Amino acid sequence: MRKIAVLTSGGDAPGMNAAIRAIVRTSLNNDTGIIGFKNGYEGIIDNEYVTFDKRSVGNIIQRGGSILHTSRSLRFLKKKYRQVAENNLRALCIDGLIVIGGEGSTKGAIELSKISKTRCVVVPATIDRDMPLVGSTIGFDTAINTALSAIDKIRDTATTANVTHIVEVMGRDCGWLGIHAGIGAGAEVTIIPEVKIDITKLSKNIKNQLYRGKKGCIIILAEGGFPDGGQALADLLKEHDILDLRVTTLGHIQRGGNPSSVDRILATELGVDAVISLMNGASNVVIAKPINTIKRIDFEEIIKTDVKVDMYLHDLIENIA
Ligand code: F6P
């Protein structure tokens, strides 16, 4: 391959930089040029890019956000701008494009692939985990950890002061972030967009929990779970006699911060594979590492099997250093 381009698009997610680093180093190790378009798809339209060398991605694996910046490009929704982008990709001799982003960014890549000669792959990165089949997305684990550390603090005051708290988490119209935050925080209730809310049932549930001696409850409200948000839900619960309520919206703190180890490793593995798959001729695919399911392993099998570390990951450390 002569040249690959990478961009980060949509809502930024911790671990995007780790993916960029892996992509840049793997490309250069394989004598393939690599550029990065700035501001997501806007950068292809405006021909704004940086040419990477190995040092340009030094010291970024631990940083949140994206050194390439992101955008939600409205222009890219229009065919005429996608054609401008395609012309720019041709003029720059880009053979492969790697889009790091979520659901909307994948749709953008699918639309581009209909008119483009450039082979395109997607590396899933979004705190929402709102993509089918792919397992976890880059940024999801960090966002949960950020949410949990905030909810743990709320739990301290909720229990001490015996007050029920509604904590709003992000996720757009997908409940994954809410479910993981709910399990991890030991929440009493989690409301997600996928399940229609029943206010009578919810208020009975909270009252029962308080009656059973709980000191304050935590209700996780995933974005999209209640049409008008946490305060409106609190107002409604007050009408059902749950009077002492507080609302916290965690908001964009869930999008920032140093990526967790899980996200750094996932981003590195997916980034490396995105380049290798392009070099092997792949096109129009999402690079993913679906989560393993629970297994029941016989004692006998455990006892006769040696522990093996992942030598592929071990070798990656030096290969992309
Ligand atoms: O997609 C990530 C996300 O943080 C969603 O959870 C949220 O709905 C949205 O982006 C917020 O987007 P913006 O930062 O553009 O307001």
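Please refer to the structure higher up on the page.
This one's a predicted model, so the numbers in the text were calculated from it and none came from an experiment.

Description of the overall build of the protein chain
Check the secondary structure of the protein chain and you find 11 helices and 10 strands. Taken over the C-alpha atoms alone, the protein chain extends approximately 70 × 60 × 30 Å along its principal axes. Counting only residues that meet the buried cut, the protein chain has 50% of its 321 residues in that class. Sequence separation of 24 or more characterises 77% of the internal contacts of the protein chain that already satisfy a separation of 6 or more. Counting only carbon and sulfur atoms, one obtains 53% of the accessible surface of the protein chain, whose full area is about 16000 Å².

Quick word on the sheet that holds strand β10 (residues 285-286)
One open sheet holds the 6 strands; their spatial order is β3-β2-β1-β4-β5-β10, and the pairing between them is mixed. Both edges of this open sheet fall to β3 (49-51) and β10, since each of them pairs with a single strand only. The sheet contact formed by strand β2 (residues 33-37) and β3 spans 3 bridges and is antiparallel. Paired with Ile35 across the two strands is Thr51, which belongs to β3. Where helix α4 (residues 103-115) meets the sheet, it contacts β4 (96-101), β5 (119-124) and β10, and its direction lies at approximately 160° from that of β4.

A few points about the pairing of strand β1 (residues 3-8)
Extensive coverage of β1 is indicated by the burial of 5 of its 6 residues. In the classification by handedness, the crossover that spans β1, the intervening helix α1 (residues 16-29) and the parallel β2 is right-handed.

Some thoughts on unusual backbone geometry
What you tend to see is this: most non-glycine residues have negative phi, and most peptide bonds are trans. Its identity as a non-glycine residue notwithstanding, Asp31 has a phi of 55°, on the positive side. Following the sequence through the fold, Asp31 ends up in the loop between α1 and β2. Residues other than glycine seldom take positive phi values, yet Cys93 does so here, at roughly 55°. If you trace the backbone, Cys93 turns up in the loop between α3 (79-91) and β4.

A closer look at the side chain of Ser73
Relative to the assigned elements, Ser73 resides in the loop between β3 and α3. Separated by 2.6 Å, the side chains of Ser73 and Glu42 make a polar contact. Within the local environment of Ser73, its side chain forms a polar contact with the backbone nitrogen of Phe76, the two atoms lying 3.1 Å apart. The contact partners of Ser73, leaving out residues within four places of it in the chain, are Tyr41, Glu42 and Ile45.

Side note on the packing of aromatic side chains
Per the counting criterion, the structure on display carries 2 aromatic pairs. Between the aromatic rings of Phe37 and Tyr49, the centroid separation amounts to 6.1 Å while the plane-to-plane angle is 75°, which identifies the pairing as edge-to-face. Separated by 12 residues along the polypeptide, Phe37 in strand β2 and Tyr49 in strand β3 bring together distant segments of the chain. The exposure class of Phe37 is buried, given its relative accessible area of 0%. Its relative accessible area of 33% is what places Tyr49 among the partly exposed residues.

Calculation notes
Residues numbered from 1 in each chain as written. Predicted model: local features only at pLDDT ≥ 70, side-chain atom pairs only at ≥ 80, totals over all residues. Heavy atoms only, no water. Helix = DSSP H or I, 4+ residues; strand = E, 2+ residues; numbered from the N terminus. Buried < 20%, exposed > 50% of the residue type's maximum accessible area, 1.4 Å probe, protein only. Contact = heavy atoms within 4.5 Å. Areas by Shrake-Rupley, 256 points an atom, 1.4 Å probe, with all protein chains shown as cover. Pairing = 2+ DSSP bridges. Axes fitted to C-alpha atoms, helices over the stretch in contact; angles between N-to-C directions. Right-handed = clockwise from strand over helix to strand, strands pointing away. Polar contact = N/O pair within 3.5 Å; in protein donor to acceptor, adjacent residues only side chain to side chain. Phe/Tyr/Trp six-rings, centres within 6.5 Å; stacked < 30°, edge-to-face > 60°.

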